[in-house]
Amino acid sequence: MKLESRKKVQVKSCRFGGKQYFVFASIAPNSKAELESQIAAACQSGIDALEIIINQYDMLPQFCSDLQQCSFGDILISLRLQQTGAVQKIDKTLALQVLVDCAQCGVADIIDLEPADRQLIAKAKQVLTYDTKLMLTLQDYHGVSDTAQIIASAKALEDMGADLVRVLCLAADDVDMLHIAQAARRAKEENRLEVPFCISAIGDAGLMVRLFGERCGNDFGSYPLYRDRDSYAFETLEEYKELRRIYEIDDRYQSCTAR
């Protein structure tokens, strides 16, 4: 049975931290045409939320207007400014203005930033609307030290005022994978974090953490909609769904929660 977070975060009809595990699809469109086609494809995939990485959008000043013209129904929209591991750098001042414009226009439900730039986070918190939630994402490619350090990293994000917390650690082997899974489970069982979170793994060795995210204690997970050079570390959304079907994860999980 999925453990609940102490604090629940309501984003439209989605209640993060409760009994439901939320699945995000992730896209990184280059153009308005890609934005429209990828959103349309995501809407057909049965996801709860769509993560849009804005770094490589070719006409970033027009992004808010382009997004407003798209149709995405009840799917939550999370806009992410990626810095760690990003192939393409971005003007952070311009990016922040785009994110704020999207939030104020009502087309962004979650704004996702990285903790390294505290000044950017402070500016975002000052101008975000009440309905828009702040997610902080830490990507750690330096390897896993121990379970306690992973939890401490997640707690630091919560202390910075995040409504939702995500920590992604590179798993080099099964031992790293186990540390990451234990960190997520302990954080939830011992109430080390109050806000909803995702503590998961990057890389092939972290597959089982991503497949069994809700069993580890995570409240949500994100999977790329398409395979590209930047998504080597994760299964695509369809691969994730197929692997869960093969392992009968959903059927067995539902039968456990029904008891």
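Keep in mind that what you see is a predicted model, and the values were worked out from it rather than measured.

K.L.:
So what exactly am I meant to see when it comes to the overall build of the protein chain here?
P.N.:
Looking only at helices and strands, the protein chain has 10 helices and 10 strands in total. The C-alpha radius of gyration computed for the protein chain amounts to 17 Å, which stays within 12% of the reference 18 Å derived for 259 residues, consistent with globular compactness. Burial analysis of the protein chain (259 residues in total) assigns 54% to the buried set. Intrachain contacts of the protein chain at a sequence separation of at least 6 include 70% that bridge at least 24 residues.

K.L.:
What should I look at first to understand helix α5 (residues 147–159) in this one?
P.N.:
Three or four residues apart is the spacing at which side chains of an α-helix point the same way, because the helix has 3.6 residues per turn. Taking 1.5 Å of rise per residue, the 13 residues of α5 would be expected to cover 18 Å, and the 19 Å separating its terminal C-alpha atoms lies within 8% of that figure. Of the surrounding elements, those touching the buried residues of α5 are β7 (133–140), β8 (164–170), α6 (174–189) and β9 (197–202). Where α5 starts, the residue carrying a side-chain oxygen 3.2 Å from the main-chain nitrogen of A148 turns out to be D146. Positive phi shows up at G161, right after α5, with a value of about 100°.

K.L.:
Hey, could you run me through the pattern of salt bridges in this one?
P.N.:
Side chains carrying opposite charge are able to pair once their charged atoms draw close together. Evaluation of the coordinates by the stated rule reveals 19 salt bridges. K8 serves as the salt-bridge partner of E4, at 3.5 Å between the closest nitrogen and oxygen. A relative accessible area of 27% places K8 in the partly exposed class. As a salt-bridge pair, E235 and R210 come within 2.5 Å of each other at their nearest N and O atoms. Pair noted here: E235 is in the loop between β10 (220–224) and α9 (237–246) and R210 is in helix α7 (residues 207–211), with a separation of 25 residues, a long-range link. As far as burial versus exposure is concerned, E235 and R210 are alike and both buried. What emerges from the salt-bridge pattern is a single network uniting E51, R80, D112, E114 and R166.

What counts as what
- Residues numbered from 1 in each chain as written.
- Predicted model: local features only at pLDDT ≥ 70, side-chain atom pairs only at ≥ 80, totals over all residues.
- Heavy atoms only, no water.
- Helix = DSSP H or I, 4+ residues; strand = E, 2+ residues; numbered from the N terminus.
- Rg over C-alpha atoms; globule rule 2.2 N^0.38 Å.
- Buried < 20%, exposed > 50% of the residue type's maximum accessible area, 1.4 Å probe, protein only.
- Contact = heavy atoms within 4.5 Å.
- Expected span 1.5 Å × (residues − 1).
- Polar contact = N/O pair within 3.5 Å; in protein donor to acceptor, adjacent residues only side chain to side chain.
- Salt bridge = Lys/Arg side-chain N within 4 Å of Asp/Glu carboxyl O.

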